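Structural characterization, general
For reference, the chains in residue letters:
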Amino acid sequence: MMKRTSLTMSVLALGALALGACEAKKPAPEPVAAAPAAAAAPAMTLPISLNAVMVGLVDHSSDYIFDVGNGKVPKTDDDWREAEYHAYQMVASGKLIQLAGTGPSDVAWTANPDWKKRSDDLTAVGMEALKLAQAKDAAGYRAVGDKLIDVCESCHTAYKPDIPTMKILHKPDFPHKP
Ligand code: HEC
């Protein structure tokens, strides 16, 4: 009995020692004054143009969403997972295009509250597509596709005409034939 107690005691003592060692290694807490400096950091930007994001991400993710709406119904679980991934891309892209990239008009566009609203619409339609993909509801995709095309077209009408694109060719026949 005595022996067990002293064993417990020494285990406890060891624990306390280890704790003490950890305590000693802990770095000093950050000074509170560092916070305002961090807030003044420059806004995050993209290392590519918004036009490139349009072609490489927004347009690509929309293809699959339009396809399902047009009757190319996913058959296997993998197909549905693919639909889900494209919906994630659409959800994220609506937020991503609220960051300015390297395009000549990107800063002006992203500073406009109307741009932010239209981009959020893209995310909202993406969320609808995501729920449909998770519910494996192909029929619902037609309405989502209609909403999506409205969001794309109305924003292009508002911002894209008379602004030269960066000559990134969009090839709707992807995968390209040789
Ligand atoms: C918030 C506004 C906005 C939304 C929403 C939007 N676009 Fe765009 N998109 C633009 C602008 C502006 C450009 C031109 C960028 C430039 O020229 O620098 C563009 C360019 C493009 C391009 C490249 C065109 C070219 O000639 O290089 C494609 C493709 C494209 N968008 C597809 C889409 C699709 C598909 C959707 C909907 C799923 C969509 N966009 C939604 C604003 C938008």
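Quick caveat, the model's predicted, so the values are computed rather than measured.

**Describing the confidence of the model for the protein**
The pLDDT averaged across the protein works out to 81; a share of 69% of its residues lies at or above 70. Per-element averaging of pLDDT across the protein places helix α1 (residues 2-25) at the bottom with 48 and helix α6 (residues 113-135) at the top with 98. In the model, residues 173-178 has pLDDT below 50 throughout and makes one contact with residues more than four positions away in sequence or in other chains.

**Considerations on the pattern of salt bridges**
As enumerated under the stated definition, the model contains eight salt bridges in all. Taking the shortest distance from any N to any O, the salt bridge between K116 and D120 comes out at 3.4 Å. Of this pair, K116 and D120 both sit in helix α6, separated by four residues, roughly a single helical turn. Classification of K116 as partly exposed rests on a relative accessible area of 42%. For E128, the salt bridge is made with K147, and the minimal N-O distance between the two is 2.9 Å. Of the two residues, E128 sits in helix α6 while K147 sits in helix α7 (residues 141-159), which places them 19 residues apart along the sequence. On the basis of relative accessibility, which here comes to 39%, the residue K147 falls in the partly exposed class. Beyond isolated ion pairs, a larger network of salt bridges with shared partners links K95, K116 and D120.

**Side note on unusual backbone geometry**
One non-glycine residue, K136, lies in positive phi territory at about 55°. As for its position among the elements, K136 is in the loop between α6 and α7. Among the residues examined, K136 registers a relative accessible area of 42% and is labelled partly exposed.

**Re the coordination of the iron atom of the ligand**
Of the protein atoms, only M54 (SD) and H156 (NE2) coordinate the iron atom of the ligand, at distances of 2.0 to 2.4 Å. Given six donor atoms and angles of 87 to 178° at the metal, the environment of the iron atom of the ligand is assigned as octahedral. Of this pair, M54 sits in helix α3 (residues 50-69) while H156 is found in helix α7, placing the two residues 102 residues apart along the sequence. For H156, a relative accessible area of 36% puts it in the partly exposed group.

**What about the site of the ligand?**
Every one of the 23 residues lining the ligand counts as a neighbour, but M54, D59, C152, C155 and H156 are closest to it. A distance of 3.4 Å is found between an oxygen atom of the ligand and a side-chain nitrogen or oxygen belonging to N51. The side chain of H156 places a nitrogen or oxygen atom 2.8 Å from a nitrogen atom of the ligand. Mapped onto the shell around the ligand, the elements with two or more residues apiece are α3, α6 and α7.

Conventions we followed
- For every chain, the first residue of its written sequence is number 1, and the numbers climb from 1 along that sequence.
- This being a predicted model, a pLDDT of at least 70 is required before a residue's local features are given, and a value of 80 or more before pairs of side-chain atoms are given or counted; all residues contribute to the totals for chains, interfaces and linings.
- Heavy atoms throughout the structure, all of them, feed into the side-chain values; hydrogens and water do not.
- On a scale of 0 to 100, pLDDT captures the predictor's confidence in every residue.
- Helical segments are the DSSP runs of H or I of at least four residues, strand segments are the runs of E of at least two, and each set is numbered from the N terminus.
- Residues count as neighbours in contact if any of their non-hydrogen atoms are within 4.5 Å of one another.
- Put simply, a salt bridge is a Lys or Arg side-chain nitrogen that is within 4 Å of an Asp or Glu carboxyl oxygen.
- Partly exposed describes any residue whose relative accessible area lies between the buried limit of under 20% and the exposed limit of over 50%, with all areas from a 1.4 Å probe on protein chains only and scaled to the type maximum.
- We call an atom a donor if it is N, O or S and sits within 2.8 Å of the metal, or 3.2 Å for Na, K and Ca. Water is not counted, so some sites may look partial.
- Every geometry call rests on angle ranges, with four donors termed tetrahedral when all angles are between 85 and 135 degrees, four termed square planar and six termed octahedral when opposite donors are over 155 degrees apart and all others are between 65 and 115, and everything else termed irregular.
- Nearness is judged by heavy atoms alone; a residue qualifies as near a molecule or strand once a single heavy atom is within 4 Å of it.
- Under the rule applied, a polar contact is a pair of N or O atoms within 3.5 Å (in protein, one hydrogen donor and one hydrogen acceptor; residues adjacent in sequence only if both atoms are side-chain atoms).

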